[in-house]
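Survey of secondary and tertiary structure
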Amino acid sequence: MRFDIVSVFPEFFAVLDLSLIGKARERGILDIAVHDLRDWTDDPHRSVDDTPFGGGAGMVMRPDVWGAALDDTLGDDGVLAVPTPSGTPLTQRMCEDLAAAGHIVLACGRYEGIDARVADHYEESGVRVVRYSLGDYVLNGGEVAAVALVEAVGRLVPGLVGNPESLVEESHGAAGLLEYPVYTRPARWRGLDVPAVLTSGDHGKVARWRRDRALEVTAGRRPDMIEALPAEGLDRGDRRALAGLGYLVPAGAAHPLPASAREAAASDVPGLADLAARTFPDACPPGMREEDMRAFVESHLSREDFSRYVDDPGCLTMALAVGGRILGYALACLPPDGAVAGAERGAPVQAVVDGRPRSGPLVELSKFYLDRRLRGTGAAALLWEATRSRLEEWAAPWPEAYVWLGTNAANERAQRAYRRLGFRFQGQRTFRVGDQDNRDAVFARPIRMA
Ligand code: ADE
């Protein structure tokens, strides 16, 4: 791989004699030539710049000098890389792409930059031109950015980095994630211990922990990278970790979507009613008649009903928004006097949870529904935790408070899900839809749990 660097400060590039890049040059893996732009001037002052047409501050680098320099260095295979704060932010993908080129010429501008015709001219004559930026800040010239590109591209050249695996696993590599945190000896430093999993010897657990940390760090610092992750590359563990970080991957979605559960507002009512109409049949037993389900939706889950729920201080209505759409909701009925909500609907008034009889108010979780596309995504835990934490605030005056729900006795999937959320089976009730009596399993749990 050959780099030609053209600059008015050729001495700057002495750094490229050091470290791995310097070794690679010695070994002939990298061929780096540094040129003084002034060698292409033909006036006694060796001047490379002039005042800008149209006026303004500073000086602009002359196209005739640059043209002469680039004609001599580009040859017929050079890619022209121009560091400039108005370029495309340099990424690992761009570096990988550039590493496939055999010859890169770096044109380091100073002052207010290089006359715009230079890059345009080479581009028009068929040279590949890459204008790149190191970031949204202004350096005094392109030299630092040229060193950055030589190092980032050069280290991808086969043979340069001793352990090629470290190229694969790291930040901005194939995984599209920032790197997990790393630790070395001593295991305890200034009272800070290395995470225990890393000394456990369990390679599977270490791999999962690292992947979870990488997802966490990336979600915190670079949410744009999380939203660009291809869904097909995410395993169950990834999806679970992402749900905990506020991203869900609905079935059919190409990428993780930001998800948040919040108290519903009046503007959510149409979305809630649409979702309720869609999801109610999912929770019904197989034999239920279409018209009974439709009548139930019309009499309990209409827009008017949801408007009432949202306005009613005795109801807590939660909406789960995924990628800006409402794909889940929960509705809790709060007992007015801190007693029992839904006694007439079969509340387990005598609930015994984990061997202890109920000793505080009992909230009814009357609805808890997710769009089918969210099954198995961790959405239930996300919606539940947000709902639970609101209920905990509501229940603050009591030492203990509980929540109960009924779900169709034939719906094993829902019952497993509620068990995972800490609910325990209490008994059965009858739930009427149309003229059909259905058996429901009744579950309860404390709102707060250790
Ligand atoms: N030249 C001056 N500022 C720069 C930046 N941020 N990136 C690349 N080249 C530059």
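All residue numbers here refer to positions counted from 1 along the written sequence of the relevant chain. With pLDDT at 70 or above as the cut-off, local features in this predicted model cover only qualifying residues; side-chain atom pairs require 80 or more to be listed or tallied, and sums for whole chains, interfaces and linings still use all residues. Side-chain metrics in this entry use all non-hydrogen atoms of the structure; hydrogen atoms and water are not considered.

Brief notes about the overall build of the protein
Secondary structure elements are taken from DSSP: a helix is a run of H or I of four residues or more, a strand is a run of E of two residues or more, and numbering for both begins at the N terminus. When helices and strands are counted, the protein shows 14 helices and 19 strands. Note that the radius of gyration is over C-alpha atoms, with the globule rule given as 2.2 Å times the number of residues to the power 0.38. Here the C-alpha radius of gyration of the protein, 32 Å, is well above what a compact globule of 450 residues would show, namely 22 Å. Across its three principal axes, the protein shows a C-alpha extent of roughly 100 × 55 × 40 Å. For every residue, the accessible area obtained with a 1.4 Å probe (protein chains only) is divided by the maximum for its type, and the residue is called buried under 20%, exposed over 50%, and partly exposed between those limits. For the protein, the proportion of its 450 residues judged to be buried stands at 47%. Pairs at least 24 residues apart make up 70% of the contacts formed inside the protein by residues separated by at least 6 positions. When the accessible area of the protein is evaluated, it comes to approximately 23200 Å², of which 52% is carbon and sulfur surface. A contact between two residues is defined here by any heavy atoms of the two lying within 4.5 Å. Per-residue and other accessible areas were derived by the Shrake-Rupley procedure at a 1.4 Å probe size, with only the shown protein chains allowed to occlude residues.

Concerning the packing of aromatic side chains
Only rings of Phe, Tyr and Trp enter the pairing, Trp through its six-membered ring, and a pair is recorded when the two centres are within 6.5 Å. The plane angle decides the type: under 30 degrees is stacked, over 60 is edge-to-face, the rest tilted. All told, the structure shown has twelve aromatic pairs when counted by the stated rule. Taking 5.0 Å as the distance between ring centres and 40 degrees as the angle between the ring planes, the aromatic pair formed by Trp394 and Trp398 counts as tilted. The exposure class of Trp398 is partly exposed, given its relative accessible area of 26%. An aromatic cluster of three or more residues is present, and its members are Phe306, Tyr309, Tyr329 and Tyr369.

Looking at the site of the ligand
Neighbouring the ligand are Pro83, Thr84, Pro85, Tyr132, Ser133, Leu134, Gly135, Tyr137, Val138, Leu139, Gly141 and Ala145. For the ligand, a nitrogen atom lies 3.2 Å from a polar atom in the backbone of Gly135. Whenever a nitrogen or oxygen atom comes within 3.5 Å of another N or O atom, the pair is scored as a polar contact, on the condition that within protein one atom can donate a hydrogen and the other can accept it, and that pairs from neighbouring residues in sequence are kept only if both atoms are in side chains. Take Tyr137: an N or O atom from its main chain is 2.7 Å from a nitrogen atom of the ligand. Burial of the ligand by the protein amounts to 96% of the accessible area it has alone, namely 260 Å². Looking at the shell around the ligand, the elements with two or more residues in it are β5 (79-89) and β7 (129-133). With three residues, the top contributor of residues to the shell around the ligand is β5. Per-class residue counts for the shell around the ligand are eight nonpolar, four polar and no charged. It suffices for a single heavy atom of a residue to lie within 4 Å of a molecule or strand for the residue to be listed as near it. Amino acids are sorted into nonpolar (Ala, Val, Leu, Ile, Met, Phe, Trp, Tyr, Cys and Pro), charged (Asp, Glu, Lys and Arg) and polar (every other residue, Gly among them).

Considerations on the sheet that holds strand β1 (residues 2-7)
When DSSP finds two or more bridges between a pair of strands, those strands are recorded as paired. Pairing is parallel across the open sheet formed by five strands, whose spatial order is β2-β1-β6-β5-β7. With one partner strand each, in any of the chains shown, β2 (31-36) and β7 form the two edges of the open sheet. Across the sheet, the axes of successive neighbouring strands diverge by a mean angle of 30 degrees, strand direction being ignored. Here β5 runs beside strand β6 (residues 103-107); their pairing, made up of three bridges, is parallel. Note on β6: the bridge partner recorded for Ala81 is Leu106. Think of each axis as a best-fit line through the C-alpha atoms, taken over the contacting stretch in the case of a helix, with angles from 0 to 180 degrees between the N-to-C directions. Against the sheet, helix α5 (residues 143-154) touches β1, β2, β5, β6 and β7, its axis set at about 175 degrees to β1.

A word on the sheet that holds strand β12 (residues 315-322)
Ordered by their spatial adjacency, eight strands build an open sheet running β10-β11-β12-β13-β16-β17-β19-β18, and the pairing between neighbours is mixed. At either margin of the open sheet sits one strand with a lone partner, and together these are β10 (247-248) and β18 (424-433). Of the pairings in the sheet, the one linking strand β13 (residues 325-333) to strand β16 (residues 362-370) comprises six bridges and is antiparallel in character. Residue pairing for β16: Tyr329 is matched across the bridge by Tyr369. On the sheet, helix α11 (residues 290-300) packs against β18 and β19 (436-446) and is oriented at approximately 100 degrees with respect to β18.

Section: a positive patch on the surface
Judged by side-chain charge, Arg236, Arg240, Arg375, Arg413, Arg416 and Arg420 come together as a positively charged surface patch. Secondary-structure elements contributing two or more residues to the positive patch are α9 (236-244) and α14 (412-420). Counting through the fold element by element, Arg420 comes out in helix α14. Arg420 gets classed as exposed once you look at its relative accessible area, which sits at 66%. Every patch collects residues that have over 30% relative accessible area and no salt bridge, joining them within 9 Å if they carry like charges and within 5 Å if they are nonpolar side chains (Val, Leu, Ile, Met, Phe, Trp, Tyr). For salt bridges, the criterion is a side-chain nitrogen of Lys or Arg within 4 Å of an Asp or Glu carboxyl oxygen. Counted charges follow a simple rule, with Lys and Arg positive, Asp and Glu negative, and His plus the chain ends left uncounted. Every charge is mapped onto a representative atom, which is NZ of Lys, CZ of Arg, CG of Asp or CD of Glu.

A look at the side chain of Ser7
Note that Ser7 resides in strand β1. Within the structure, Ser7 has its side chain in polar contact with the backbone nitrogen of Phe9 (distance 2.7 Å).

Here's the deal with the pairing of β1
Burial runs high along β1: five of the six residues are buried. Relative to β6, β1 is paired through five bridges, and the arrangement is parallel. From the neighbouring strand, Arg2 faces β6, where its bridge partner is His103. The pairing of β1 with β2 spans six bridges and is parallel. In the strand pairing of β2, Phe3 is matched with Ile32.

Brief notes about the environment of Val138
Along the polypeptide, Val138 turns up in the loop between β7 and α5. Through-space distance from the C-alpha of Val138 to that of Asp292 is 67 Å; in sequence the pair is 154 residues apart.

Points about α11
Given 3.6 residues per turn, any residue in an α-helix points the same way as the ones three and four places further on. Taken residue by residue, α11 has Asp292, Met293, Phe296 and Val297 as its buried positions. One side of α11 holds all its buried residues, which, seen down the axis, span an arc of 135 degrees. Turned more than 90 degrees from where α11 packs its buried face, Glu290 and Glu298 sit exposed. Check the buried side of α11 and you find it contacts α10 (269-279), β18 and β19. Comment: arc refers to directions from the helix axis out to C-beta atoms.

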